[in-house]
Amino acid sequence: MSPAAAPNRALQSPILMMAKRAAALRAEGRDVIDLTLGEPDFNAPEHVLDAARQALGSRLAYSPSNGIEPLRRAIRMRLKKDRGLDVDDDQVTVGCGAKQIIFNALQATLKPGDEVIVPAPYWASYPAMISLCGAQPLILPTCAAEGFRLTAEHLAAGLRLAKSPKWVVLNAPGNPSGSLYSERDLQALAEVLRQYPEVLVLSDDIYAEIRYNAKPYLTLASVAPDLAERILLVDGVSKAYAMTGWRVGWGCGPASLISAMTTVQSQNCTQTSTLSQLAAVAALEGPQEFLAERNAIYRQRRDAALRVLRACDKINVSCPEGAFYLLPQIKPKIDDQALALELLYAGVATVPGSAFGMPGYLRLSFATDEASLVEGCTRLVRALGTRS
Ligand SMILES: Cc1ncc(COP(=O)(O)O)c(C=O)c1O
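Because the structure is a prediction, the values reported are computed rather than measured.

Asker: How should the sheet that holds strand β7 (residues 231-236) be read in this particular structure?
Answerer: Pairing within the open sheet is mixed, and its seven strands lie in the order β2-β8-β7-β6-β5-β3-β4. Here the strands that pair on one side only, and so sit at the sheet edges, are β2 (92-95) and β4 (136-141). Averaged over all adjacent pairs, the angle separating strand axes in this sheet is 25°, with direction ignored. As paired strands, β2 and strand β8 (residues 249-252) are joined by four bridges and run antiparallel to one another. The residue bridging Val92 from the neighbouring strand is Cys252, located in β8.

Below, the structure is given as structure tokens:
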């Protein structure tokens, strides 16, 4: 590829493309409610901002590629407290968001011809990153009737089908499904994984703190500790602490993988911002009560949006248990990309479900104020009503 070659459109983020279109229409003076981005509309908590202000007074020099020691310590403390996991210092590495951590892991381990099992609906970046590493995403569809969860039977079938499976991706609460796995689900998946000792598991827990029931969060590494040696747990401050732009995420897993990921990190951007890492320490060590308060607000918005959407007979929509997305299915089956464009001109920006492996669906983010969200859903319902 020549340096001037246009970037492959298939690898561009469809979410960012829709957000850009919405912004362009708004710049023209149109009234468009943007339900595209997976970005909390809250700010980082005040004590985090204070810590950052204070850190500005110190010398913000280069820092280690695996993250500053106080942050690695704070990550291990939270993993112990929140998920009962004992993690050694050499099992943690920090990067520019969960996104870069996932990319580093794939880049450190994949070779052309390798396959990565990705359940659909999926976060749009997984297949793009896998392709950028020269490997193949092997998509396993899930369905609403199974709560959009990967079942042990499907995983076993996918692994039998794969020629060179390297990773299995698990993401719960899922983007865009909002689904969680029960202990029994995870035990069943673990049982299948035990038969494939060479396969690694990418457990993307970035939405772990955004949940709408009182049950404790379960991650594969705590349910099946015998598999911990091949699980990469991924998390970060973007969603829980509303710190998307600070770019701090981390991976916890086997020391050899972590070391390989840190080497990749050291050659692409050295480290994520030292200032952001100091702020992330304050986020992880500081009070956590605001999480429940924000979740109550997200939950109220979710329910308000569901009331509007469920009143429409052209929509089927599940109630998400976590994260902040709704994934309505439009009936009868439509071209979701054409519909998303049509909706832009009807004043609501959404992301076509095909971006997440779910043609015929739309993704709506409810990380926006309730009035705009309800109005956006009302515009969607009204636009569907005018279609033949
Ligand atoms: C499932 C999932 N994983 C990872 C990320 C990346 O998060 P970060 O901001 O930490 O890079 C996102 C962001 O939208 C996501 O939805």
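We are not done yet, so read on.
Asker: Please explain the domain arrangement of the protein chain as it appears in this structure.
Answerer: Under the domain assignment used here, the protein chain contains domain 1 (9-43 + 289-385) and domain 2 (58-285). The straight-line distance from the C-alpha centre of domain 1 to that of domain 2 is 25 Å. Between domain 1 and domain 2, the contact holds 30 residues from the first and 31 residues from the second. Both faces combined, the contact of domain 1 with domain 2 buries some 2,500 Å², and carbon together with sulfur accounts for 60% of it. Its salt-bridge partner being Arg149, residue Glu321 comes within 3.0 Å of it at the nearest N-O pair. Remark: the boundary between domain 1 and domain 2 carries 15 residue pairs in polar contact (both at pLDDT 80 or more). Per element, the largest residue contribution to the side of domain 1 that touches domain 2 is seven residues, and it comes from helix α11 (residues 289-310). A breakdown of the residues in the side of domain 1 that touches domain 2 according to their chemical character gives 17 nonpolar, seven polar and six charged.

Asker: What is the right way to read the packing of aromatic side chains from this model?
Answerer: Two aromatic rings are characterised by how far apart their centres lie and by the angle between their planes. Within this structure, the stated rule accounts for nine aromatic pairs. Note on Phe148 and Tyr361: the rings are 6.2 Å apart at their centroids and 75° apart in plane angle, and the pair reads as edge-to-face. One end of the pair, Phe148, is in the loop between β4 and α6 (152-161); the other, Tyr361, is in the loop between β13 (351-352) and β14 (362-365), with 213 residues separating them in the sequence. In this pair, the class of Phe148 matches that of Tyr361, namely buried. Ring geometry for Tyr298 versus Phe324: centroids 5.3 Å apart, planes at 45°, classification tilted. Note that Tyr298 is positioned in helix α11 and Phe324 in the loop between β9 (315-316) and β10 (325-326), a separation of 26 residues in sequence. You can call Tyr298 buried: its relative accessible area is 2%. By relative accessible area, which is 0% here, Phe324 ends up buried. Ring pairing ties together the aromatic residues Phe42, Tyr207, Tyr298, Phe324 and Tyr325, which thus form one cluster.

Asker: I tried to follow the sheet that holds β13 on my own but got confused; where do I start?
Answerer: In sheet architecture, strand pairing relies on hydrogen bonds along the backbone and comes in two forms, parallel and antiparallel. Pairing within the open sheet is antiparallel, and its three strands lie in the order β10-β14-β13. Single-partner strands in this sheet number two, and they are β10 and β13. On the sheet, helix α12 (residues 336-345) packs against β13 and β14 and is oriented at approximately 40° with respect to β14.

Conventions we followed
Residues numbered from 1 in each chain as written. Predicted model: local features only at pLDDT ≥ 70, side-chain atom pairs only at ≥ 80, totals over all residues. Heavy atoms only, no water. Pairing = 2+ DSSP bridges. Helix = DSSP H or I, 4+ residues; strand = E, 2+ residues; numbered from the N terminus. Axes fitted to C-alpha atoms, helices over the stretch in contact; angles between N-to-C directions. Domains from an automatic or database assignment. Contact = heavy atoms within 4.5 Å. Buried area = accessible area lost by both parts, 1.4 Å probe. Salt bridge = Lys/Arg side-chain N within 4 Å of Asp/Glu carboxyl O. Polar contact = N/O pair within 3.5 Å; in protein donor to acceptor, adjacent residues only side chain to side chain. Nonpolar A, V, L, I, M, F, W, Y, C, P; charged D, E, K, R; others polar. Phe/Tyr/Trp six-rings, centres within 6.5 Å; stacked < 30°, edge-to-face > 60°. Buried < 20%, exposed > 50% of the residue type's maximum accessible area, 1.4 Å probe, protein only.

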